[in-house]
Amino acid sequence: MLLEAERRRSISRWQRRLSELPPSGPGAIVRGAIGGELEAWTGRAHGALTYRVTQILTGHGVFEAYLYRIGRRDTPICLFCRATRDTAAHTLLFCPFWAEQRYTGASPAEYVYGTTLRIPGEFIFPDDFTPNPHAFLEEFREYMRKVKPVPVDHRHKKHAFLFKDLYTCTHVFLRVGSTKKALERPYTGPHKIIERISDRIFDIDVNGGKRSVSVENLKPAHFVRDNLSDIVPQLEQPLNTSSNLRSTLRTYARPKKVTFTHSTM
């Protein structure tokens, strides 16, 4: 099965790493006891590779020597027998406090409850239950096929400002999107509109070539007509002369300034 093959590869990598470690150091006695039988030892029928067993194998656990090495304790002395160094090998082989558990093989839970602790899954599944990864994959794929994205409603929809004459003018100015230098114009053009592809995209003439741009970067260009005489109305009456202007002016007397004095008693 897939799980069994992955388990064998993990044990093989673990055994190779243990063989590369120096003969002395944390967990050296345990590594020597296991030797090359790591796979048989982890697959034994009377136990399994648990969190506590992993601490014994690596030496990284609630051992005073390890806690002292990482700065969690002041001394590496064993709290039970006052040995100079409390390591995984000391707890497993020599510490008299764990002699009863060492010879009987019972766990603390067995001393308290009379049996080993059960994980939550063991209360539901029978003892002879074997997980099938293929069935899990099929159920997972079927569930993922039914998952659909939830539509999101945007409450605030911002609309870009557009000029009214943008869809009727013949030429436009193009906004400069890059960083402008000092005294550089924010728009280039005017550019001739070649084609209005849609309400959002226009084709304009830029330096002799066609370029598709968004209407958000455009503004209409207005020109002054050459024949201004046709649109400027003629004045019906001639301009007033200086004499006529002078006769219409009125003069007013300059207001007098009045001051008041206060007498003192």
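Thresholds, definitions, all that
Numbering of residues starts from 1 in every chain and runs along the sequence as written. It should be noted that, the model being predicted, local features are given only for residues of pLDDT at least 70 and side-chain atom pairs only at 80 or more, the latter also being counted only at that level, while totals for whole chains, interfaces and linings use all residues. With hydrogens and water set aside, each side-chain value is computed from the structure's full complement of heavy atoms. Elements are defined by DSSP. Helices are runs of H or I of four residues or more, strands are runs of E of two residues or more, and each kind is numbered from the N terminus. When accessible area is computed with a 1.4 Å probe and restricted to protein chains, residues below 20% of their type maximum are described as buried, those above 50% as exposed, and intermediate ones as partly exposed. For this analysis, residues touch if any pair of their heavy atoms sits within 4.5 Å. Residue exposure ignores everything except the shown protein chains as possible cover, and the areas themselves are Shrake-Rupley values with a 1.4 Å probe. Between 30 and 60 degrees the pair is tilted, below 30 it is stacked and above 60 it is edge-to-face, where a pair is any two Phe, Tyr or Trp rings, Trp via its six-membered ring, whose centres lie within 6.5 Å. Note on geometry: a ring has a charge over it if NZ (lysine) or CZ (arginine) is within 6 Å of the ring centre and within 35 degrees of the ring normal. A patch consists of residues exposed above 30% relative accessible area that lack any salt bridge, with like charges linked at up to 9 Å and nonpolar side chains (Val, Leu, Ile, Met, Phe, Trp, Tyr) linked at up to 5 Å. One side-chain nitrogen of Lys or Arg within 4 Å of one carboxyl oxygen of Asp or Glu is enough to make a salt bridge. Two strands are said to pair when DSSP picks up at least two bridges between them. Every angle, taken between N-to-C directions, lies between 0 and 180 degrees, and every axis is a line fitted to C-alpha atoms, over only the stretch in contact when it is a helix. Among buried residues, the Ala, Val, Leu, Ile, Met, Phe, Trp, Tyr and Cys ones that are joined through side-chain atoms within 4.5 Å form a nonpolar core.

With respect to the overall build of the chain
For step 1, the next point in the chain: The number of helices and strands found in the chain is 11 helices and five strands.
For step 2, the next point in the chain: Taking all 265 residues of the chain together, 17% fall into the buried category.
For step 3, the next point in the chain: The contacts in the chain between residues at least 6 apart in sequence include a share of 35% that link residues at least 24 apart.
For step 4, the next point in the chain: Accessible surface, the chain: about 23,000 Å² in total, of which carbon and sulfur atoms supply 57%.

Section: the packing of aromatic side chains
Two measures describe an aromatic ring pair: the distance that separates the ring centres and the angle between the ring planes.
For step 1, the next point in the chain: Across all of its chains, the model carries four aromatic pairs by this definition.
For step 2, the next point in the chain: Plain terms: the ring middles of Phe97 and Trp98 are 5.0 Å apart, the flat faces sit at 85 degrees to each other, and that makes the pair edge-to-face.
For step 3, the next point in the chain: When its relative accessible area of 28% is taken as the criterion, Trp98 is described as partly exposed.
For step 4, the next point in the chain: An aromatic cluster is present here, built from Phe80, Phe97 and Trp98 joined pairwise through their rings.
For step 5, the next point in the chain: Its end group placed over the ring of Phe202, Arg196 keeps NZ or CZ at 5.1 Å from the ring centre.

Section: a nonpolar patch on the surface
For step 1, the next point in the chain: Taken together, the side chains of Phe136, Leu137, Phe140, Tyr143, Met144 and Val147 present a nonpolar region at the surface, about 620 Å² in accessible area.
For step 2, the next point in the chain: Mapped onto the secondary structure, Met144 falls in helix H9 (residues 133-146).

Here's the deal with the sheet that holds strand S5 (residues 218-220)
For step 1, the next point in the chain: Reading across from one edge, S4-S3-S2-S1-S5 is the order of the five strands in this open sheet, with antiparallel pairing throughout. The open sheet has two edge strands with one neighbour each: strand S4 (209-214) and S5. The average angle at which neighbouring strand axes cross in this sheet is 45 degrees, direction not considered.
For step 2, the next point in the chain: In the sheet, strand S2 (residues 187-196) pairs with strand S3 (residues 201-206) via three bridges, with the strands oriented antiparallel. Residue Glu195 lies in a different strand from S3, and its bridge partner there is Asp203.

A look at the pattern of salt bridges
For step 1, the next point in the chain: Tallying each qualifying case throughout the model produces six salt bridges.
For step 2, the next point in the chain: Residue Arg9 is joined to Glu6 by a salt bridge in which the shortest nitrogen-to-oxygen separation is 2.6 Å. One end of the pair, Arg9, and the other, Glu6, are both in helix H1 (residues 2-20), three residues apart, so they sit about a helical turn from each other.
For step 3, the next point in the chain: A relative accessible area of 41% means that Arg9 is categorised as partly exposed.
For step 4, the next point in the chain: It is possible to trace a salt-bridge network through shared partners that takes in Glu6, Arg9 and Arg13.

Some remarks on the nonpolar core
For step 1, the next point in the chain: Leu166, Cys169, Val172, Leu174, Ile193, Phe202, Ile204, Val206, Val213, Val215 and Leu218 form the largest nonpolar core, which has 11 residues in total.
For step 2, the next point in the chain: Residue assignment for this core shows that the elements contributing at least two residues are strand S1 (171-175) and S3.
For step 3, the next point in the chain: Among the elements that take part in this core, S3 stands out by supplying three residues, more than any other.
For step 4, the next point in the chain: In contact with Leu218, other than residues within four places in its own chain, are Phe163, Leu166, Val172, Phe173, Leu174, Phe202, Ile204 and Val213.

A closer look at the environment of Arg85
For step 1, the next point in the chain: Relative to the helices and strands, Arg85 is located in the loop between helix H5 (64-69) and helix H6 (88-94).
For step 2, the next point in the chain: A C-alpha to C-alpha distance of 8.6 Å links Arg85 and Thr75, two positions 10 residues apart in sequence.

Quick look at the pairing of S4
For step 1, the next point in the chain: One ladder, built from six bridges, connects S3 with S4; its direction is antiparallel. Counterpart to Asp205 in the pairing with S4 is Lys210.
For step 2, the next point in the chain: In this antiparallel pair of consecutive strands, S3 and S4, the connection spans two residues, and Asn207 shows a positive phi of 55 degrees.

Focus: unusual backbone geometry
For step 1, the next point in the chain: Omega for the peptide link from Gly189 to Pro190 comes to 15 degrees, which places this bond in the cis form.
For step 2, the next point in the chain: Unusually for a residue other than glycine, Leu183 sits at a positive phi of about 60 degrees.
For step 3, the next point in the chain: Inspection of the secondary structure puts Leu183 in the loop between S1 and S2.
For step 4, the next point in the chain: A positive phi angle, close to 55 degrees, is found at Asn207, a residue other than glycine.
For step 5, the next point in the chain: Mapped onto the elements, Asn207 comes out in the loop between S3 and S4.
For step 6, the next point in the chain: We classify Asn207 as exposed; its relative accessible area is 78%.

The analysis is restricted to geometry; functional conclusions fall outside its scope.
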